[in-house]
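Chains, contacts and geometry: an overview
The primary structure of each chain is shown beneath.
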Amino acid sequence: MTIKQEIKSYLARTGWSMTDLVKALNEKHNRDDSVQNLSNKLSRGTIKYKEVKEIADIIGAKINWDF
């Protein structure tokens, strides 16, 4: 599963759309990113871990590293 598929799966599972997610991220972090910008990062696999953590925070998920 690609990072794009994984994140889109989590969004669907929690009821978030990409549009609503980007709006919430922009409001919380005082940015002006677009849905297209996030979609491109996910498609290319160039999204930063920091951004993934921000997404998880917005949708109410936790990233868990299990050993």
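Residues numbered from 1 in each chain as written. Predicted model: local features only at pLDDT ≥ 70, side-chain atom pairs only at ≥ 80, totals over all residues. Heavy atoms only, no water.

Some details on the pattern of salt bridges
We apply this condition: Salt bridge, as applied in this entry: a Lys or Arg side-chain nitrogen positioned within 4 Å of an Asp or Glu carboxyl oxygen. Relative accessibility thresholds used throughout: buried, under 20% of the residue-type maximum; exposed, over 50%; partly exposed, between the two (1.4 Å probe, protein chains only).
Counting across every chain of the model gives four salt bridges. A salt bridge links D33 to R31; its shortest N-O distance comes to 3.3 Å. On the accessibility criterion, D33 (28% relative accessible area) is partly exposed. If you follow the salt bridges from partner to partner, you end up with R31, D33 and E54 in one network.

Re the environment of G15
What counts here: In DSSP terms, a helix is any run of H or I states spanning at least four residues, a strand is any run of E spanning at least two, and both are numbered starting from the N terminus.
Looking at the element boundaries, G15 is found in the loop between helix 1 (3-14) and helix 2 (18-29). Under the relative-accessibility criterion, G15 is labelled exposed at 65%. Each C-alpha atom, one on G15 and one on I59, is 8.7 Å from the other, the two residues being 44 residues apart in sequence.

Some thoughts on the packing of helix 1 against helix 3 (residues 35-44)
Working note: a packed helix pair is described by the angle between its axes plus the distance between those axes. Rules: Orientation is described by axes fitted as lines to C-alpha atoms, over the contacting stretch for helices, and by angles from 0 to 180 degrees between their N-to-C directions. Roughly parallel refers to an angle under 35 degrees, roughly antiparallel to one over 145, roughly perpendicular to one between 65 and 115, and oblique to any angle outside these ranges. In this description, contact between two residues means that some pair of their heavy atoms is separated by no more than 4.5 Å. Basically, the charged four are Asp, Glu, Lys and Arg, the nonpolar ten are Ala, Val, Leu, Ile, Met, Phe, Trp, Tyr, Cys and Pro, and anything else, Gly included, counts as polar.
Two numbers describe how helix 1 lies on helix 3: the axes approach to 7 Å, and their chain directions differ by 130 degrees. Viewed along their axes, helix 1 and helix 3 adopt a mutual orientation that is oblique. Contacts between helix 1 and helix 3 involve I3, K4 and I7 from the first element and S39, L42 and S43 from the second. Considered class by class, the residues forming the contact of helix 1 with helix 3 number three nonpolar, two polar and one charged.

Digging into helix 3
Rules: Each C-beta atom gives one direction from the helix axis, and the arc is the one those directions make.
All buried positions along helix 3 are accounted for by L38, S39, K41 and L42. Along the axis of helix 3, the buried residues cluster in a sector spanning 160 degrees; they form a single face. For helix 3, the exposed residues set more than 90 degrees away from the buried face come down to Q36 and R44. Looking at the buried positions of helix 3, the neighbouring elements they touch are helix 1, helix 2 and helix 4 (49-59).

So, to be careful, I would describe these as geometric facts and stop short of saying anything about function.
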